[in-house]
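# A look at the structure
Here's the letter readout for the chains.
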Amino acid sequence: MIGLISATAAGAAARDRLAAAWPDRTRVYEGPVGDAVRRAFGECEQLVCFLATGAVVRLLAPLLGDKHADPGVVCVDEAGRFAVSLVGGHGGGANELARAVGGVLGAEPVVTTATDAADLPGLDTLGLPVEGAVAAVSRALLDGEPVVLRAEVAWPLPPLPLADRGAYTVRVTDRVVEPDAREAVLRPPTLVVGVGASRGAPVAEVLGLVEDTLRGAGLSAASLAELPTVDAKADEPGLLGAAERLGVPLVTYSAAELAEVDVPNPSKAPLAALGTPSVAEAAALLRGGELLVPKRKSAGRPAMATCAVVRRPGRGRLAVVGIGPGARDLLTPRAAAELRRASVLVGLDQYVDQIRDLLRPGTRVLESGLGAEEERARTAVAEARRGHAVALIGSGDAGVYAMASPALAEASGDIDVVGVPGVTAALAAGAVLGAPLGHDHVSISLSDLHTPWEVIERRVRAAAEADLVVTFYNPRSRGRDWQLPKALGILAGHREPTTPVGVVRNASRPDESSLLTTLAALDPAVVDMMTVVTVGNTATRQVAGRMVTPRGYRWQETRPADRNAPEEPK
């Protein structure tokens, strides 16, 4: 919960705007400001104070204890111009809260945390437990000193400016290690402890078995991801209690699923009781990984619990990102976030140049020229399989005549794949022209480099016969100058010469240009590969210099008074 505190009418107005935007996340604290701050500090995970920073500092000073446990606090000035991350920038989430508050109120977020100011991900913000010399290593990264990555287990980290040699180290491991004065240790959740238990097994016995087994194998409980077991034990108090104490979920699988897993130590007892020859080992191995510790029994007499430890490799992450048609404000926030998250960026050189300034320091860029689409797709998937966080970029939407198709054809189930939509060239051009896509429409690429012309021609003819608005991608190049006239000729056989045609070059970019003409008057020579050509259907009209395709409803023709009728749900 986010506590909201204000002292003046202006502050209360901004406070109420935030409360209205986040009704389920916020709580307004009334009364004397000092009392309100103290109550909110004790009851909320975060605070937004619509007060002067000096006043908030004085109120908070006697309340502050541990930066890892204190709430994050953001101050917003009386005029609502700035949202200042004051306390708990990382641990309390105040930096992200300041940005979110700024987004709602139109305020400028002010973040002074060193790593954020330098556009470096803080080691304590990666979502992984971290130990050792976190402050010293972070300072070394900020000062540009060489910091070495020692990844004993693969994990998709965000970009860090790391070197091959250096006095400081970031170690990624699930083993118990004693970090030195210049080493920070990141604990990825790579360990899975499969557990089995007799009915009524005590929490202490299950917990002790798991902790002793990890300790004996030199493995850190901070890297524990989950406790899997058979679904017949889903409500077993001993297992539930141990999982809660360890801070991980209890995951269950059916006996039939576990019975399919090949294990080194099958047993007749669980087979007779549950229908599977193994619980602990099978549950740990079901989703793959390396068996580090075979089945062990607890020390009770009789033993009431078993466990086995598996290390699952970190899954690489491939984000296929559409960066839009070119204008920065048409790059979505989600796309920008994925670019900043990726430690490896793969893309066409000219597209990389468009977003290079958004990349964090340490991002490895793998760029290539035109015609290397399949190579880029293979490279991106290979990097993800090595455990990296990869962004593969394409213009417009990456799934429309771009990189998503070849990449997903290469990718298998051993990596995570995320699609990030983008504004397509057809949509950007349509916005320039007016509303040419107001009814059914189709996009067709006229490039026969990947599709035989006979197939393209058949699709154009089908669109013409179906009276669809057609947007042509890749309409004309120096080596392909006859396809567009041919396609226009097919459409002309089904549409009037006065049918509106829109031509937009470099939609949304600084050198954008557009032309609204007709099917008969269009000169294909004005078209190139940077152009999108949109041909209207038999209902498309020019209205006040704009290209408009009506939605085809009867009220548009017979009931003009009803033209404010609601849109269909989409």
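See the structure shown above.
Cut-offs and rules
Residues numbered from 1 in each chain as written. Predicted model: local features only at pLDDT ≥ 70, side-chain atom pairs only at ≥ 80, totals over all residues. Heavy atoms only, no water. Helix = DSSP H or I, 4+ residues; strand = E, 2+ residues; numbered from the N terminus. Buried < 20%, exposed > 50% of the residue type's maximum accessible area, 1.4 Å probe, protein only. Contact = heavy atoms within 4.5 Å. Areas by Shrake-Rupley, 256 points an atom, 1.4 Å probe, with all protein chains shown as cover. Lys, Arg positive; Asp, Glu negative; His and termini not counted. Charge placed at Lys NZ, Arg CZ, Asp CG, Glu CD. Pairing = 2+ DSSP bridges. Right-handed = clockwise from strand over helix to strand, strands pointing away. Axes fitted to C-alpha atoms, helices over the stretch in contact; angles between N-to-C directions. Parallel < 35°, antiparallel > 145°, perpendicular 65-115°, else oblique. Left-handed = near helix turned anticlockwise from the far one by under 90°. Nonpolar A, V, L, I, M, F, W, Y, C, P; charged D, E, K, R; others polar. Core = buried A, V, L, I, M, F, W, Y, C linked by side-chain atoms within 4.5 Å. Phe/Tyr/Trp six-rings, centres within 6.5 Å; stacked < 30°, edge-to-face > 60°.

### Re the overall build of the protein
- Along the backbone of the protein there are 19 helices and 28 strands.
- Judged by the C-alpha coordinates and their principal axes, the protein covers about 90 × 70 × 55 Å.
- A total of 570 residues make up the protein; the buried ones form 46% of that total.
- Long-range pairs, those at least 24 residues apart, make up 64% of the contacts in the protein between residues at least 6 apart in sequence.
- Roughly 27000 Å² of accessible area belongs to the protein as shown, and the carbon and sulfur atoms make up 52% of that amount.
- If the 59 positive side-chain charges of the protein are averaged to one point and the 67 negative ones to another, these points end up 1 Å apart.

### Things to note about the pairing of strand β4 (residues 72–76)
- Burial within β4 is extensive, with 5 of its 5 residues counted as buried.
- Burial of the side chains of β4 extends over both faces: Gly72, Val74 and Val76 are buried on one face and Val73 and Cys75 on the other.
- When strand β3 (residues 46–50) meets β4, the two strands line up parallel, connected through 4 bridges. Note that in β4 the partner of Val48 across the bridge is Val74.
- As a crossover connection, the stretch from β3 through helix α3 (residues 53–60) into β4 is right-handed.
- Bridge count between β4 and strand β5 (residues 82–87): 4 bridges; the pairing is antiparallel. What sits directly across from Val73, in β5, is Val87.

### So, the sheet that holds β3
- If you trace the 6 strands from one edge of the open sheet to the other, you get β2-β1-β3-β4-β5-β6, paired in mixed fashion. Unpaired on one side and paired on the other, β2 (26–28) and β6 (108–110) mark the two borders of the sheet. The sheet shows a mean angle of 25° between the axes of neighbouring strands, direction not considered.

### Observations regarding unusual backbone geometry
- That bond from Arg301 to Pro302 is cis: its omega, 5°, falls within 30 degrees of zero.
- Mapped onto the fold, Pro302 is located in the loop between β14 (290–297) and β15 (305–311).
- You will see that Tyr401, though not glycine, has its phi angle at about 50°, which is positive.
- On the secondary structure map, Tyr401 appears in the loop between β19 (389–394) and α15 (404–410).
- The phi dihedral of Asn506 is positive, around 50°, even though this residue is not glycine.
- By relative accessible area, which is 7% here, Asn506 ends up buried.

### Quick word on the packing of helix α7 (residues 203–216) against helix α8 (residues 237–246)
- Relative to each other, α7 and α8 sit at 50°, their axes nearing to 8 Å. One element, α7, and the other, α8, form an angle in the oblique class. Considering only the axes of α7 and α8, their crossing is right-handed. Mapping the contact onto sequence places Val203, Val206, Leu207, Val210 and Glu211 in α7 and Pro237, Gly238, Leu239, Gly241, Ala242, Arg245 and Leu246 in α8.
- Here the residues of the contact of α7 with α8 sort into 8 nonpolar, 2 polar and 2 charged.

### A short note on the nonpolar core
- Counting 23 residues, the largest nonpolar core has Val193, Val195, Leu214, Leu227 and Leu246 as the members making the most contacts within it.
- For this core, the secondary structure elements donating two or more residues are β11 (191–197), α7, β12 (224–230), α8 and β15.
- Of all the elements, α7 adds the most residues to this core, at 5 residues.
- Judged by nonpolar contacts, the second largest core, of 21 residues, contains Leu446, Ile456, Val460 and Val535.

### Considerations on the environment of Pro71
- The residue Pro71 is located in the loop between α3 and β4 in this model.
- Spatially, the C-alpha atoms of Pro71 and Val310 are 36 Å apart, while their sequence positions differ by 239 residues.
- Discounting residues that sit within four places of it in the chain, Pro71 has contacts with Phe41, Cys44, Glu45, Gln46, Leu47, Val87 and Gly92.

### Comments concerning the sheet that holds β15
- Spatially, 5 strands are ordered β13-β12-β11-β15-β14 in an open sheet, and the strand pairing comes out mixed. Each edge of the sheet is formed by a strand with only one pairing partner; in this case those strands are β13 (250–253) and β14. Neighbouring strand axes in the sheet, compared pairwise and without regard to direction, differ in orientation by 25° on average.
- As paired strands, β14 and β15 are joined by 5 bridges and run antiparallel to one another. Each residue of the ladder has a partner; that of Lys297, found in β15, is Thr306.
- Sitting on the sheet, α8 is in contact with β11, β12 and β13, with an inclination near 175° to β12.

### Examining the packing of aromatic side chains
- All told, the structure shown has 2 aromatic pairs when counted by the stated rule.
- Taking 5.1 Å as the distance between ring centres and 70° as the angle between the ring planes, the aromatic pair formed by Trp453 and Trp482 counts as edge-to-face. Here Trp482 lies in the loop between β23 (469–473) and α18 (483–492) and Trp453 lies in helix α17 (residues 453–465), a separation of 29 residues in the sequence.

### What about the environment of Lys486?
- Looking at the element boundaries, Lys486 is found in helix α18.
- It is 9.8 Å that separates the C-alpha atoms of Lys486 and Val460, two residues lying 26 residues apart in sequence.
- Residues in contact with Lys486, not counting those within four places in the same chain, are Trp453 and Glu457.

So, to be careful, I would describe these as geometric facts and stop short of saying anything about function.
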